[in-house]
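One letter stands for each residue in the lines below.
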Amino acid sequence: MTQFKILYVDEVESERNRFLRYMYTNDDEKEFNTVALEPEPELNKFLQSILDENFDAIITDHKLSEANPNIQYDGLELVEAILKVKIDFPCFVLTSFDDDAVRDGDDVNIVYIKGLMSNEQGHLAKFIYKIKNQIKHHRKRIDNAKKELGELVKKDYRNASDEARLIELDTYIEKVTNIPSSLPSPLKSMENLSELHKMINNTEKLLAELKGK
């Protein structure tokens with residue numbers, strides 16, 4: 001049963017087909033719906049088409065313009081653009097040039113050598129398992145944030161710390177899912193109330209110190 005929808009990006013058709021074969025061969029439970037696309041020349045246009053499809057993870061080649069000089073970005077720039085819109089989103093960069101990708105990227109943990117897909121015999125953690133686990137961890141973080149947010153909303157009384165956490169969680173869910181806030185406007189406006197509480201607390205501390213002197 002399909003549970004995960006993922007995207008592989010590469011400008012070379014043979015590499016796209018290679019990745020599709022890898023996923024088909026190693027997806028024993030048939031949990032993945034894998035889409036392989038050639039990148040569009042302009043990053044912003046391609047980014048929007050990716051976001052519209054609601055993928056669970058993105059795997060991209062590093063040197064996207066190596067076989068197509070019309071492409072104006074590489075895989076690391078694609079990942080960076082995605083993470084600006086959806087923080088913590090599961091992203092992977094596959095490359096034959098790991099030194100370049102590690103040097104140029106912000107997160108060395110997302111960089112993998114393409115050759116690993118053809119040399120995984122005996123490995124306990126296949127690349128496909130890493131994709132699956134990253135997606136599951138990502139979903140769990142979102143579910144935990146939503147659960148905590150729901151519990152805070154239901155509270156009859158919220159102190160300044162609760163209100164600050166409520167806004168923090170709501171903002172996180174917005175950024176991680178790229179879906180507008182579902183928090184009622186009166187609660188959303190409590191961000192200002194939280195700041196007011198902080199100002200009052202600081203003022204009370206200052207007055208107490210002055211009184212003591």
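Please read these numbers as outputs of a predicted model, since none were measured by experiment.

S.K.: With reference to specific residues and values, describe the packing of helix 1 (residues 13–26) against helix 5 (residues 127–154).
M.R.: Packed helices, taken two at a time, are described by their axes: the angle between them and the distance between them. Direction vectors running N to C along helix 1 and helix 5 enclose 80 degrees, while the axes themselves pass 10 Å from each other. As summarised for this structure, helix 1 and helix 5 are arranged roughly perpendicular, according to the angle between their axes. Only Phe 127, Ile 128 and Ile 131 of helix 5 make contact with helix 1, whose side of the interface consists of Phe 19, Tyr 22, Met 23 and Asn 26. Partitioning the contact of helix 1 with helix 5 into residue classes produces 6 nonpolar, 1 polar and no charged.

S.K.: I'd like to hear about the packing of aromatic side chains, residue by residue, with values.
M.R.: The way to describe two aromatic rings as a pair is by their centre distance and the angle between their planes. Evaluation of the coordinates by the stated rule reveals 4 aromatic pairs. Ring geometry for Phe 4 versus Phe 32: centroids 5.1 Å apart, planes at 45 degrees, classification tilted. Pair noted here: Phe 4 is in strand 1 (residues 4–9) and Phe 32 is in strand 2 (residues 32–37), with a separation of 28 residues, a long-range link. Neither Phe 4 nor Phe 32 differs from the other in exposure class; each is buried. Seen from their ring centres, Phe 19 and Tyr 22 are 6.3 Å apart, and the 40 degrees between their planes marks the pair as tilted. Remark: Tyr 22 and Phe 19 occur in helix 1; sequence separation between them is 3 residues, near one turn of the helix. Ring-pair connections join several aromatic residues into one group, and the members of that group are Tyr 8, Phe 19 and Tyr 22.

S.K.: Any chance you could break down the pairing of strand 2 for me, citing the residues and the numbers?
M.R.: Sheet topology places strand 1 next to strand 2; 6 bridges connect them, and they run parallel. Bridging from a neighbouring strand, Val 9 pairs with Leu 37 of strand 2. Remark: the strand 1/helix 1/strand 2 crossover connection has right-handed handedness.

S.K.: Mind laying out the nonpolar core, listing which residues take part and the relevant values?
M.R.: One finds Ile 50, Ile 58, Leu 78 and Ile 82 to be the most contacted residues of the largest nonpolar core, which totals 19 residues. Contributions of two or more residues to this core are made by strand 1, helix 2 (43–52), helix 3 (75–85) and strand 4 (91–95). By residue number, the principal contributor to this core is helix 3, which donates 5 residues. Leu 78 has contacts with Val 9, Leu 43, Phe 46, Ile 50, Thr 60 and Tyr 73, leaving out every residue within four places of it along the chain. Core analysis: the next-biggest nonpolar cluster, separate from the first, contains 16 residues, Ile 6, Phe 32, Phe 92 and Leu 94 among them.

Reading the values: the criteria
Residues numbered from 1 in each chain as written. Predicted model: local features only at pLDDT ≥ 70, side-chain atom pairs only at ≥ 80, totals over all residues. Heavy atoms only, no water. Axes fitted to C-alpha atoms, helices over the stretch in contact; angles between N-to-C directions. Helix = DSSP H or I, 4+ residues; strand = E, 2+ residues; numbered from the N terminus. Parallel < 35°, antiparallel > 145°, perpendicular 65-115°, else oblique. Contact = heavy atoms within 4.5 Å. Nonpolar A, V, L, I, M, F, W, Y, C, P; charged D, E, K, R; others polar. Phe/Tyr/Trp six-rings, centres within 6.5 Å; stacked < 30°, edge-to-face > 60°. Buried < 20%, exposed > 50% of the residue type's maximum accessible area, 1.4 Å probe, protein only. Pairing = 2+ DSSP bridges. Right-handed = clockwise from strand over helix to strand, strands pointing away. Core = buried A, V, L, I, M, F, W, Y, C linked by side-chain atoms within 4.5 Å.

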